[in-house]
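What follows is the residue order along each chain.
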Amino acid sequence: MNAHYELPLEDAGYSFGFLDEYAKKEVRRCILKAIAIPGYQTPYASREMPMGRGFGTGGLQLTLSLIGADDTLKVIDQGSDDSVNAVNLRQFVQLTCPGVAVTEKTQEATLIQSRHRIPEKMLKEEQILVLQVPYPDALVVVEPSEARRKVMHGEADYSRLLVKLYEDVVRFDEITISHRYPTRINGHYVIDPSPIPRWDVPRLHQSPALVLLGAGREKKIYAVPPYTVAEPLVFDDIAFRVEDFRDANGKRIACRCCGSVVSFLDELIDDAGNVTHQCSDSSYCEEQQETISARKQA
C-alpha cells in the first residue's frame, strides 16, 4: 500500500474503521459469544475487504470492529513490525481510523494484531491480542466434513486427533507438529491456535490479556478469555515440548543481535553460508539492545 495514498473525496465518507456500524456490531456480538464459550468457533458474516482472503482479513475485521480513537495499535507479522504484511495492514488501519496511534513497543499497545507469533513480552490485562487464522478447526486434518466436526466438538470427541498424534510418536518417536498445535481450552474445546510455533502455546495458558482469533475466509471467530486454562493436547506419559535452541554441545544458542537466550529464534543464513540466529520478535530484540547500550553507558 502506498504510504501517501489518500481516499478519493467521493469515498471519504467511510465510517471510522472502514466497516459500517452494522458489520461492527455483528462482529462484536460474535466476540461476546466467543468469550462466553471459550474455544467455540462462532460463525459470522465475514465481509469483503480490500485485500485477498488469506492475508489477514479475519484478524483485520476484529481489529477494525474493536479499535477506538484512543487506542494504540501494534501490528506484527511473524514477530516483525516491518514485514510487508504488517506494514500494509498498519497503513490501512491508519488510513481508515484517523487519529489512532501506532507503536512498535508491545507494552504501549492496547490492541495487538499478529500473524504467527505471540509477543515475547508478557501481555497485560488491558491489552487485546488478535491473531490471524487461516484454518480455525483443529479437526480438519482428520475429518473433512464440517457437520461431523461440529458434532465431535460438541461431544469433546478428539480420539481421532489423539490417534494422529500417537501415529507421529510411533513413526518418529515424537509429535512432529511444529505449529498450529491443537490446544484444549477450558477443559473442553480443542482449537487451532493459528500457525504460532509451539514455543508460544504455553503463553495462551492463564494469559492476562484477551486473545481473539479470526478466520476471515472460514468465517469463524473464537477466543481464549483472560486467565483461562489452555493446555496442549498431549499424552500422560509424553510431555509437551517446545522448540529446542541448543547447539551440538548442548549450549543454548543466543541471538546474534541482543544475546538473548530466552526468546524464540529465527534461523538465518548469511551471504557466506554461515548459520546464525536472531530473535523472531523484532521489538523485543531492539529493547534488549537498548538495555545493553544503556548499561554500557552507565
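As the structure is a computational prediction, the values presented were derived from the model and not from experiment. Counting from 1, residues in each chain are numbered in the order their sequence is written. Where totals are concerned, whole chains, interfaces and linings use all residues; where local detail is concerned, this predicted model gives features only for residues with pLDDT of at least 70, and gives and counts side-chain atom pairs only at 80 or more. Only hydrogens and water are set aside when side-chain values are computed; all heavy atoms of the structure are taken into account.

Enquirer: Got a minute to help me understand the packing of aromatic side chains in this structure?
Expert: Aromatic ring pairs are defined here through the distance separating the ring centres and the angle between the ring planes. Geometry of aromatic contacts follows a simple scheme: Phe, Tyr and Trp rings, the Trp one being its six-membered ring, pair when their centres are within 6.5 Å, and the pair is stacked under 30 degrees between planes, edge-to-face over 60, tilted otherwise. Counted by the stated rule, this structure contains seven aromatic pairs. Taken together, W199, F245 and F264 form an aromatic cluster joined through their ring pairs.

Enquirer: Even after reading the chapter, I still don't get the sheet that holds strand β7 (residues 189–191), so can you show me in this structure?
Expert: Either a parallel or an antiparallel arrangement is found when strands of a sheet pair, and the pairing is made through backbone hydrogen bonds. Spatially, β7-β6-β10 is the arrangement adopted by the three strands of the open sheet, whose pairing is antiparallel. At either end of the open sheet lies a strand with only one pairing partner, and these are β7 and β10 (230–232). With strand direction ignored, the average angle separating the axes of adjacent strands in the sheet is 35°. Should DSSP find at least two bridges between two strands, the strands are taken to pair. Runs of E in the DSSP output that reach at least two residues are strands. Runs of H or I that reach at least four are helices, and both are numbered from the N terminus. Bridge count between strand β6 (residues 183–185) and β7: three bridges; the pairing is antiparallel. Residue pairing across strands places R184 opposite V190, the latter belonging to β7. Structural elements are reduced to axes, namely lines fitted to C-alpha atoms, with helices fitted over the stretch in contact, and the angle between N-to-C directions of any two is expressed from 0 to 180 degrees.

Enquirer: Where do I start with the sheet that holds strand β1 (residues 42–43) in this structure?
Expert: Judged by pairing direction, the sheet is mixed, and its seven strands sit side by side in the order β1-β9-β8-β5-β4-β2-β3 without closing on themselves. Strand pairing shows two members of the sheet lacking a second neighbour, β1 and β3 (101–102), which therefore form its edges. Here helix α1 (residues 21–36) sits on the sheet and contacts β1, β8 (210–215) and β9 (220–224); the angle it forms with β9, its principal contact strand, is near 45°. Contact definition: two residues touch when any of their heavy atoms are within 4.5 Å. Along the sheet, helix α3 (residues 84–96) makes contact with β2 (72–77), β3, β4 (111–115) and β5 (128–132), crossing β2 at roughly 155°.

Enquirer: Teacher, can you tell me more about the domain arrangement of the protein here?
Expert: Reports of interface size often rely on the accessible area that becomes lost once the parts have come together. Domain ranges listed in this record stem from an automatic or a database domain assignment. Assigned domains within the protein: domain 1 (21–141 + 151–231) and domain 2 (246–298). Here the C-alpha centre of domain 2 lies 27 Å away from the C-alpha centre of domain 1. Taken residue by residue, the interface counts 15 residues in domain 1 and twelve residues in domain 2. The junction of domain 1 with domain 2 conceals about 1,100 Å² of combined surface from both sides, 44% of it contributed by carbon and sulfur atoms. Salt bridges are defined as contacts in which a side-chain nitrogen from Lys or Arg sits within 4 Å of a carboxyl oxygen from Asp or Glu. Joining domain 1 to domain 2, the criterion identifies two salt bridges. Notably, a salt bridge pairs E287 with K121, separated by 3.8 Å at the nearest N-O pair. Definition of a polar contact: a pair of N or O atoms within 3.5 Å, with one able to donate and the other able to accept a hydrogen when the atoms are protein atoms, and with sequence-neighbouring residues admitted only if both atoms are side-chain atoms. Taken together, domain 1 and domain 2 are joined by eight residue pairs in polar contact (both at pLDDT 80 or more). Its residues assigned to classes, the side of domain 1 that touches domain 2 shows three nonpolar, five polar and seven charged. Joining two parts hides part of their accessible area as seen by a 1.4 Å probe, and the buried area is that hidden amount summed over both. Each residue is assigned to one class: nonpolar for Ala, Val, Leu, Ile, Met, Phe, Trp, Tyr, Cys and Pro, charged for Asp, Glu, Lys and Arg, and polar for all the others, Gly among them.

Enquirer: Got a minute to help me understand a nonpolar patch on the surface in this structure?
Expert: Taken together, the side chains of Y135, V140 and V141 present a nonpolar region at the surface, about 250 Å² in accessible area. With respect to the helices and strands, the residue V140 is situated in the loop between β5 and α4 (146–154). Like-charged residues within 9 Å of one another, or nonpolar side chains (Val, Leu, Ile, Met, Phe, Trp, Tyr) within 5 Å, are grouped into patches, provided each residue has over 30% relative accessible area and no salt bridge. Here, Shrake-Rupley sampling with a 1.4 Å probe gives the accessible areas, and only protein chains in the shown set may cover a residue.

Enquirer: Would you mind going over the environment of R241 with me for this structure?
Expert: Mapped onto the elements of the fold, R241 is located in the loop between β10 and β11 (265–269). C-alpha of R241 to C-alpha of I175: the two residues are 66 residues apart in sequence and 8.8 Å apart in space. Residues within four places of R241 in sequence aside, it is in contact with E174 and R198.

Enquirer: Would you explain the pattern of salt bridges in this entry?
Expert: A side chain with one charge may pair with a side chain of the opposite charge, provided their charged atoms come close. Going through the model one piece at a time under the given rule, you end up with 18 salt bridges. The residue E290 makes a salt bridge to K105 at a minimum N-O spacing of 3.8 Å. Of the two residues, E290 sits in helix α6 (residues 282–297) while K105 sits in the loop between β3 and β4, which places them 185 residues apart along the sequence. Judged by relative accessible area, which is 47%, E290 ranks as partly exposed. Here's how the labels work: a residue is buried when its accessible area is under 20% of the maximum for its type, exposed when over 50%, partly exposed in between, all with a 1.4 Å probe on protein chains only. Exposure remark for K105: the relative accessible area of 27% places this residue in the partly exposed category. Residues participating in the shared-partner salt-bridge network are R117, E120, D200 and R203.

Enquirer: Would you explain the nonpolar core in this entry?
Expert: Nonpolar side chains in soluble globular proteins generally cluster together in the buried interior. Here the nonpolar core consists of buried residues drawn from Ala, Val, Leu, Ile, Met, Phe, Trp, Tyr and Cys, with membership extended through side-chain atoms lying within 4.5 Å. Within the largest apolar cluster, 33 residues are counted, with the highest numbers of intra-cluster contacts made by L129, L161, V211 and L213. Secondary structure elements with two or more residues in this core: β5, α5 (159–172), β7, β8 and β9. Apart from the residues lying within four places of it in its own chain, the contact partners of L213 are L62, L131, V133, D192, P193, S194, K220, I221, Y222, A223 and V224. With 27 residues, the next largest nonpolar core counts L64, C97, V100 and I221 among its residues.

Enquirer: What's the story with the side chain of S260 in this structure? I'm lost.
Expert: You can see S260 is positioned in the loop between β10 and β11. Residues contacting S260, with those up to four places away along its chain left out, are R252, I253, A254, C255, C279 and Y284.

Enquirer: Would you explain the environment of Y22 in this entry?
Expert: Along the chain, Y22 falls in helix α1. The spatial distance from the C-alpha of Y22 to the C-alpha of C257 is 47 Å, given a sequence separation of 235 residues.

Enquirer: Please clarify how α5 should be interpreted in this entry.
Expert: Under the convention used throughout, the expected extent of a helix is 1.5 Å for every residue step, that is, one less than its residue count. Between its first and last C-alpha atoms α5 spans 20 Å; for 14 residues at 1.5 Å apiece the expected length is 20 Å, and the two agree. Taken as a whole, α5 has its buried residues at L161, L165, D168 and V169. Across the axial projection of α5, the buried residues extend over an arc of 95°, all falling on one side. Of the residues in α5, the exposed ones pointing more than 90 degrees away from the buried face are V170 and R171. Against the buried residues of α5 lie β7. D173 sits one or two residues past α5 and shows a positive phi near 70°. In this description, one arc is meant: the one made by directions from the helix axis to the C-beta atoms.

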